[in-house]
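Architecture and fold: a report
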Amino acid sequence: MTTVLIVDDQPIVRAGLTVVLDAEPDLLVVGQAADGQEAVRLASSLRPDVVCMDVRMPGMDGIAATRQIVTEHGGAVRVLVLTTFDIDEDIFAALEAGAAGFLLKGAEEKAIAAAIHSVAAGGGTLDQRITRKVLAEFGRRRASPVPTRAALELLTQRELEVLDLITRGLSNAEIAHDLFIEVTTVKYHVQSIFSKTGSRDRLHAALWGLRHRIGSVPH
């Protein structure tokens, strides 16, 4: 059973999302918070697997709350950002604060449930409608034709190639096809990249890669 804490300043949103998630047989909403400060407190007392976090709230916002929860609990409590807003500074700030994923509140119910399961299992997720836009914007902010020295010294040439394709949003199977190697070999390189870069999942590995100027900017 995956436990969930819902954080949103609008009672109707909290109630609606609770109904949707509790209808899933393997999801259980264990608490609700109306602001970031309450979210931090409940994350400590309830220790949910996933926090569904709104971004813009009065008092402590979702970004500050995400940063504090991730700092205090690491991978034990994962944060999935749910917001009505499209690409803007809030999204990048939330991801860099340690959020494991991002979805628009307009996503289908099954997509939200699947995202929660992915995040709880240690994966990362971005709304498919904006994934490429997020990575493209993040990459443009750090655009350079040459990887940083730190990246070149940390990763092998093959790991750089794999990370390049991760930043483009390719799956393990697609990476294996592009590089003419086995999927099991790709998985080995991906885990090595996670370990070396301190990334919790593919999303944060991609952000690390773009931060260190690895790969072309997605279009």
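Scope of this entry: the structure provided in the associated data block. No experiment lies behind these values; they were computed from the predicted model shown.

**Examining the overall build of the chain**
The helix and strand inventory of the chain stands at 11 helices and 6 strands. When contacts within the chain are restricted to residue pairs at least 6 apart in sequence, long-range pairs at least 24 apart make up 68% of them.

**Thoughts on the packing of helix α8 (residues 157-167) against helix α11 (residues 202-211)**
It is the contact of α8 with α11, at a shortest axis distance of 8 Å, that shows an interaxial angle of 110°. With respect to their mutual orientation, α8 and α11 come out roughly perpendicular. Here α8 contributes Leu163, Ile166 and Thr167 to the contact with α11, which in turn contributes Arg202, Ala205, Ala206, Trp208, Gly209 and Leu210. A class-by-class count of the residues in the contact of α8 with α11 yields 6 nonpolar, 2 polar and 1 charged.

**Looking at the pattern of salt bridges**
For the structure on display, the rule yields 6 salt bridges. Glu38 is the salt-bridge partner of Arg41, the closest N and O atoms lying 3.8 Å from each other. Here Arg41 pairs with Glu38, and both are found in helix α2 (residues 36-46), just 3 residues apart, close to one helical turn. When its relative accessible area of 25% is taken as the criterion, Glu38 is described as partly exposed. Between Lys196 and Glu159 there is a salt bridge; the shortest N-O distance is 2.9 Å. Of this pair, Lys196 sits in helix α10 (residues 183-197) while Glu159 sits in helix α8, placing them 37 residues apart in sequence. Among the residues examined, Lys196 registers a relative accessible area of 33% and is labelled partly exposed.

**Considering the environment of Gly101**
Counting through the fold element by element, Gly101 comes out in strand β5 (residues 101-104). On a C-alpha basis, the gap between Gly101 and Leu82 in space is 8.7 Å, while along the polypeptide they are 19 residues apart.

**As for the side chain of Asn172**
Looking at where Asn172 falls in the secondary structure, it is placed in helix α9 (residues 172-179). In this structure Asn172 comes out as buried when scored by relative accessible area, which is 18%. Not counting residues within four places of it along the chain, the set of residues in contact with Asn172 comprises Val183, Val186, Lys187, Val190 and Arg202.

Cut-offs and rules
Residues numbered from 1 in each chain as written. Predicted model: local features only at pLDDT ≥ 70, side-chain atom pairs only at ≥ 80, totals over all residues. Heavy atoms only, no water. Helix = DSSP H or I, 4+ residues; strand = E, 2+ residues; numbered from the N terminus. Contact = heavy atoms within 4.5 Å. Axes fitted to C-alpha atoms, helices over the stretch in contact; angles between N-to-C directions. Parallel < 35°, antiparallel > 145°, perpendicular 65-115°, else oblique. Nonpolar A, V, L, I, M, F, W, Y, C, P; charged D, E, K, R; others polar. Salt bridge = Lys/Arg side-chain N within 4 Å of Asp/Glu carboxyl O. Buried < 20%, exposed > 50% of the residue type's maximum accessible area, 1.4 Å probe, protein only.

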